[in-house]
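Take a look at the letters that make up each chain.
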Amino acid sequence: FSLLVDSISKFTFVYPKRLEDRRNNSNQWENGKSNDSDSDCAEKYANGGKCLNGSTNSINKDQDESESVTENGLSLDKDGDLILERKTKGVIEIEHSKSTKLDLVGLQIWRGALLLADYILHYEKRFKNRKILELGSGVGLTSIVSSFCAREVICTDINIGGLLKLIQANIDRNAHLKDPDCNVVVTELDFKVKYEDYSEYLKTQLQDVEYVICADVIYDDEITNAFVLALEGLLLELPKLKAVYIALEKRYVFTVEDMDSVAPSYEHFLRVFYRRNNRFGIARWKLKQVSTNFPRYFEYEKVKDLVLLKISN
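Per an unreviewed UniProt entry, the chain is named Methyltransferase-like protein 22, and its organism is Culex pipiens.

A.B. asks: Is there a simple way to think about the packing of aromatic side chains in this case?
C.D. replies: By convention here, two paired aromatic rings are described through the distance between centres and the angle between planes. All told, the structure shown has 17 aromatic pairs when counted by the stated rule. Here F13 and F148 contribute two aromatic rings whose centre-to-centre distance is 5.4 Å and whose plane-to-plane angle is 35°, an arrangement assigned as tilted. Remark: F148 occurs in the loop between α4 (141-146) and β9 (152-157) and F13 occurs in strand β1 (residues 7-14); sequence separation between them is 135 residues. Looking at F13, the relative accessible area reads 0%, which means it is buried. Each ring, one from F227 and one from F269, has its centre 6.2 Å from the other, and the planes form 35°; the classification is tilted. Pair noted here: F227 is in helix α7 (residues 221-237) and F269 is in helix α8 (residues 264-277), with a separation of 42 residues, a long-range link. Connected via pairs of aromatic rings, a cluster forms that spans Y119, Y123, F127, Y211, Y245 and F294. Sitting over the ring of Y123, R126 keeps its end group 4.7 Å from the ring centre. One residue, R296, lies across the ring of Y300, its end atom 5.9 Å from the ring centre.

A.B. asks: So what exactly am I meant to see when it comes to the pattern of salt bridges here?
C.D. replies: Should the charged atoms of two oppositely charged side chains come close, the side chains can pair. For the structure on display, the rule yields 15 salt bridges. Residue K203 is joined to E200 by a salt bridge in which the shortest nitrogen-to-oxygen separation is 3.9 Å. You can see K203 and its partner E200 sitting in helix α6 (residues 200-206), 3 residues apart, about one turn around the helix. Linked by salt bridges that have partners in common, R130, K131, R151, E152, D208 and E210 make up one network.

A.B. asks: Hey, could you run me through the environment of A226 in this one?
C.D. replies: Tracing the sequence through the fold places A226 in helix α7. Residue A226 is classed as buried on the basis of its relative accessible area of 9%. Note: C-alpha distance between A226 and V193 (33 residues apart in sequence) is 8.4 Å.

A.B. asks: Mind showing me how you'd approach the packing of α7 against α8 here?
C.D. replies: Helix-helix packing is characterised by the crossing angle of the two axes and by the distance between the axes. Look at α7 against α8: their axes get within 10 Å of each other, and the N-to-C directions meet at 35°. In this structure, the crossing between α7 and α8 has a hand that is right-handed. Listed contacts from α8 to D221, T224, N225, F227, V228, L229 and E232 of α7 are S265, H268, F269, V272, F273 and R276. Of the residues contributing to the contact of α7 with α8, the split by class is 6 nonpolar, 4 polar and 3 charged.

A.B. asks: Would you mind going over the confidence of the model for the chain with me for this structure?
C.D. replies: Low-pLDDT stretches of the model should not have their predicted coordinates read in fine detail. Averaged over all residues, the pLDDT of the chain equals 81, while 72% of them reach at least 70. The model gives residues 27-56 a pLDDT under 50, and that stretch makes 74 contacts with residues more than four places away or in other chains. Counted against residues more than four places away or in other chains, residues 66-73, with its pLDDT under 50, gives 10 contacts.

Definitions and cut-offs
- Residues numbered from 1 in each chain as written.
- Predicted model: local features only at pLDDT ≥ 70, side-chain atom pairs only at ≥ 80, totals over all residues.
- Heavy atoms only, no water.
- Phe/Tyr/Trp six-rings, centres within 6.5 Å; stacked < 30°, edge-to-face > 60°.
- Helix = DSSP H or I, 4+ residues; strand = E, 2+ residues; numbered from the N terminus.
- Buried < 20%, exposed > 50% of the residue type's maximum accessible area, 1.4 Å probe, protein only.
- Lys NZ or Arg CZ within 6 Å of the ring centre and 35° of its normal.
- Salt bridge = Lys/Arg side-chain N within 4 Å of Asp/Glu carboxyl O.
- Axes fitted to C-alpha atoms, helices over the stretch in contact; angles between N-to-C directions.
- Left-handed = near helix turned anticlockwise from the far one by under 90°.
- Contact = heavy atoms within 4.5 Å.
- Nonpolar A, V, L, I, M, F, W, Y, C, P; charged D, E, K, R; others polar.
- pLDDT = per-residue confidence, 0-100.

This is the structure:
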C-alpha cells in the first residue's frame, strides 16, 4: 500500500551561536538561513526530568548532561528565565501525515523528535564530525538536524509503503541546510530483525557509529519489546558506540487497577530494559535521565512530560 501523506509543514528553528558562526563563514550554507530579528528573546526553560521515586525502575540523573545555564555562559533575567539572543533562523520543510493509524504513527511529527532536535542543536559540539545512527526515523526530522554537524548520518526505519522514499525526499528537500561535508544514508532497519541477520552492507555501515538517537518509538508494547532487543544487539556489536539517546513524551492514562494515572508505555520500556540489562545478575549498561534544562530552539510546547534518556557503558 502507499503512504497517506497529506501535509508539508515548516518547522522554524533558531541556530545556536556556534553553529550560526560556522554557517556565516561558509558560502555553501548561505541559502540555508535567513536573518530575522526577534524582540521576544526571553525563552523559558524547564527541568523536565524527574526520577520515578519509589520505583524499582527509577532512573538516576545524568550529571554530565545537567550543566547549569551560568556554567554555559547563558544569561538569566530577573525572573530566572533564559535569555537568548536570536539572530539567525532556519526552516525545515517536512512532508508528513496529520493523522494515521497506530502502525504508521511515524508519519506524524511528535514532540519527542523536537526535544531531541533541540538537544542536538544545543550540544552540537558533542556530535560534530561524529557518525550518528537514527532508529525509527519516521519522516526524518532529527536526522536532518543531525546532518547540521555530524560527519555521517544513517537514517533508518522499516521499508513499508514507500516510507524510506519519503524520508529520502525530506532529506533532499532540506539538503541546503546540512553541513556540506556530511553524508546522509537512508536504509532499512527493522527492530524485529536480529543483528546477526542484518545485511553485510548494513553491518559494515554500523561499525563506526558513535551515537544512536531515537525519538517517539515507545508507544506500543510489542514494538517496544523488539526495540529493546534491537538496542541490545547494537550495544553489544558496535565497538565505537558512545551512547544511545531516547526522547519520548510520557502519556498518562488512569487505571482502576492502580487507582492512579500511569504512563504504561514508558513503564513497560523500563521493565523490559532492566530485565534484559540485569538478566545475568549485573547491570551491563547505565540508563540515566538527561536534564532537559537546555534552550528551546524549535517552536513547540516543551511540556513537563517530555523525557530524554541516555544509555551508555
